[in-house]
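# Understanding the architecture of this molecule
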Amino acid sequence: RENFIHLCNPHLEKMKEDILYHFALGTGTHDFPALFGDVKFVCVGGSASRMKSFTAYIAEELGLGSPGDDYPNICAGTDRYAMYKVGPVLSVSHGMGIPSISIMLHELIKLLHHAKCSNITIIRIGTSGGIGLEPGSVVITRQSVDATFKPQFEQVILGKSVIRSTDLDEQLAKELMQCSKEINQFNTVIGNTMCTLDFYEGQGRLDGAICLYDEEEKLQYLKEAYDSGVRNIEMESSVFAAMCNLSAVKGAVVCVTLLNRLEGDQISSSHDVLVEYQQRPQKLVGYFIKKRLGKV
């Protein structure tokens, strides 16, 4: 059975052309079905360079590329986002924070719709701060929660507060967890992910330019988060989950933890260690894609 992208916008049908401004793409200038019609997996992450390196990695893993191959940025006409494609895998950067990933997802979902893609899986691969986990642990998100630990995404639309669900696909999370057990290279857990509006005060850090609470208050808050099921903190998962749900797309969030926030606020690991940590979600998702395609 083919499951197509569900667009929650009847106004789009009346438009002669849809310009995806932040991608520098448009239905009047690009043949979306020809360019993207074979896409089955979309991997998104904050950094453009990280998503390019993931493209090179997955190309080799799928036998579609060789070391040193170059992959052109499909969105070269803009510096907002970067997009790369190899075989059935689309790799897109989303920047940092809810507003940035939200804009990207609106245009990505429309792109997949215009391309007539079906049975799409979208996975955010990224970094995060862990709570009660060793640095380098990978967290597969069960549900995204806000800074008060509620599983919801709240947005003001036309002056009114709209609340949307942030549950993620349970079966997909279990499938990813099984993949991690099979590769058996790093600690992986399924847990809740807290999505905040800020990197510093919003995450209870003591090292920002402004901080009007003490360490005891910070630790109490983080322990409450842990007790509620939160295992990591980042800044994109809530709107990601909400938009996947509304578009009938199976989505997952797979993030590595760069530090244990119960032990500190600053990321102090060496560059080489951090690079290896950041490759862990890529390895897990790469194995998942290979397994789905029958290449394991």
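Residues numbered from 1 in each chain as written. Predicted model: local features only at pLDDT ≥ 70, side-chain atom pairs only at ≥ 80, totals over all residues. Heavy atoms only, no water.

Selection criterion: UniProt positions are given in the numbering used here, feature names are shortened, and annotations may be inferred rather than shown by experiment.
Identification of the protein as Uridine phosphorylase from Jacana jacana is taken from an unreviewed UniProt entry. Per UniProt, the protein carries the Catalytic activity (unreviewed entry) text "uridine + phosphate = alpha-D-ribose 1-phosphate + uracil".

## Re the overall build of the protein
The following threshold applies: Helix and strand assignments come from DSSP, with helices taken as H or I runs of at least 4 residues and strands as E runs of at least 2, each series counted from the N terminus. We compute the radius of gyration from the C-alpha atoms alone; for a globule the expected value is 2.2 Å times N to the 0.38, where N is the number of residues. Only protein chains enter the accessibility calculation, which uses a 1.4 Å probe. A residue is then buried if its area is under 20% of the maximum for its type, exposed if over 50%, and partly exposed in between. Residue exposure ignores everything except the shown protein chains as possible cover, and the areas themselves are Shrake-Rupley values with a 1.4 Å probe.
If you tally the helices and strands in the protein, you get seven helices and twelve strands. In summary, the protein has a C-alpha radius of gyration of 19 Å against a globular reference of 19 Å for 296 residues, a match within 12%. Here the C-alpha coordinates of the protein stretch approximately 55 × 50 × 35 Å along the principal axes. Within the protein, buried positions represent 49% of all 296 residues. Surface accessibility of the protein: about 14300 Å² in total, with carbon and sulfur atoms responsible for 50%.

## Looking at the UniProt feature "binding site: substrate" (unreviewed entry) in the protein
Selection rule: Throughout, a residue-residue contact means that at least one pair of heavy atoms, one from each residue, lies within 4.5 Å. Here a polar contact means two N or O atoms within 3.5 Å. Within protein one must be a hydrogen donor candidate and the other an acceptor candidate, and residues neighboring in sequence count only if both atoms are side-chain atoms.
In this structure's numbering, the residues bearing the UniProt feature "binding site: substrate" (unreviewed entry) are Gln203 and Arg205. Structurally, Gln203 is set in the loop between strand 10 (188–195) and helix 5 (215–227). Under the relative-accessibility criterion, Gln203 is labelled buried at 3%. Contact partners of Gln203, with chain neighbours within four places excluded, come to Thr196, Asp198, Leu222, Ile233, Glu234, Met235 and Arg261. At 3.1 Å, the side chain of Gln203 and the side chain of Thr196 are in polar contact. Its location among the elements puts Arg205 in the loop between strand 10 and helix 5. On the basis of relative accessible area, Arg205 is assigned to the buried category, the value being 2%. Residues in contact with Arg205, not counting those within four places in the same chain, are Phe199, Tyr200, Cys211, Tyr213, Leu259, Arg261 and Asp265.

## What about the UniProt feature "domain: Nucleoside phosphorylase" (unreviewed entry) in the protein?
Under the UniProt annotation, "domain: Nucleoside phosphorylase" (unreviewed entry) lies at residues 40–289. Between the first and last C-alpha atoms of residues 40–289 the distance is 9 Å; the span itself is 35% helix and 27% strand.

## Remarks on the packing of aromatic side chains
Our working definition: Any two of the Phe, Tyr and Trp rings considered here, Trp counted by its six-membered ring, make a pair once their centres fall within 6.5 Å; the pair's planes then place it as stacked at under 30 degrees, edge-to-face at over 60, or tilted in between. Ring-over charges, as used throughout, are those where CZ of Arg or NZ of Lys falls within 6 Å of the ring centre and within 35 degrees of the ring normal.
Within this structure, the stated rule accounts for five aromatic pairs. Directly above the aromatic system of Phe199 lies the positively charged group of Arg205, at a separation of 3.8 Å from the ring centroid. Here the guanidinium or amino end of Arg231 rests over the ring plane of Tyr226, the centre of that ring lying 3.7 Å away.

## Some remarks on the pattern of salt bridges
The condition is simple: Whenever a carboxyl oxygen of Asp or Glu lies within 4 Å of a side-chain nitrogen of Lys or Arg, that contact is scored as a salt bridge.
All told, the structure shown has twelve salt bridges when counted by the stated rule. Among the charged side chains, a salt-bridge network with shared partners connects Arg124, Glu234 and Glu236.

## Looking at the pairing of strand 9 (residues 160–165)
What counts here: Here the rule is simple: two strands pair whenever DSSP picks up at least two bridges between them.
Of the pairings in the sheet, the one linking strand 8 (residues 152–157) to strand 9 comprises six bridges and is antiparallel in character. Paired with Gln152 across the two strands is Ser165, which belongs to strand 9. Counting the residues in the hairpin turn of strand 8 and strand 9 gives two residues, including Leu158, whose phi is positive at 50 degrees.

## So, the nonpolar core
Across soluble globular proteins, nonpolar side chains show a tendency to be buried alongside one another. In plain terms, the rule: We define the nonpolar core as a collection of buried residues of types Ala, Val, Leu, Ile, Met, Phe, Trp, Tyr and Cys that are connected through side-chain atoms lying within 4.5 Å of one another.
Core analysis: the biggest nonpolar cluster contains 38 residues, and Phe23, Val42, Leu108, Leu111 and Leu112 have the highest contact counts within it. Elements with a minimum of two residues in this core: helix 1 (32–36), strand 3 (41–45), strand 5 (89–93), helix 3 (98–114), helix 6 (237–246) and strand 12 (250–260). Here this core gets eight residues from one element, more than from any other, and that element is helix 3. In contact with Phe23, not counting residues within four places along its chain, are Cys75, Thr78, Tyr81, Met83, Val92, Met104, Glu107, Leu108 and Leu111. Among the nonpolar cores identified, the runner-up in size contains 35 residues, and Ala59, Ala173, Leu176 and Tyr277 belong to it.

## Let's talk about the pairing of strand 11 (residues 230–234)
Counted residue by residue, strand 11 has five buried out of five residues, so it is predominantly covered. Here strand 6 (residues 121–130) pairs with strand 11 via two bridges, running antiparallel. Residue pairing for strand 11: Gly129 is matched across the bridge by Ile233.

## Examining the environment of Gln185
Here Gln185 lies in the loop between helix 4 (170–183) and strand 10. According to the relative accessible area criterion, Gln185 is partly exposed, its value standing at 49%. Put simply, Gln185 and Lys174 are eleven residues apart on the chain and 17 Å apart in space, counted from C-alpha to C-alpha.

## What to know about the state of the cysteines
As used here, a disulfide is simply a covalent bond connecting the sulfur atoms of two cysteines. Going by this rule: In plain terms, two cysteine sulfur atoms within 2.5 Å form what is called a disulfide here.
As enumerated under the stated definition, the model contains zero disulfides in all. With no disulfide of its own, Cys75 has Cys117 as its nearest cysteine by sulfur position, at a separation of 14 Å. The exposure class of Cys75 is buried, given its relative accessible area of 0%. Cys255 supplies the cysteine sulfur nearest to Cys195, a cysteine that is in no disulfide, at a spacing of 9.9 Å. A residue is classified by how much of its surface remains accessible, and Cys195, at 6% relative accessible area, is buried.

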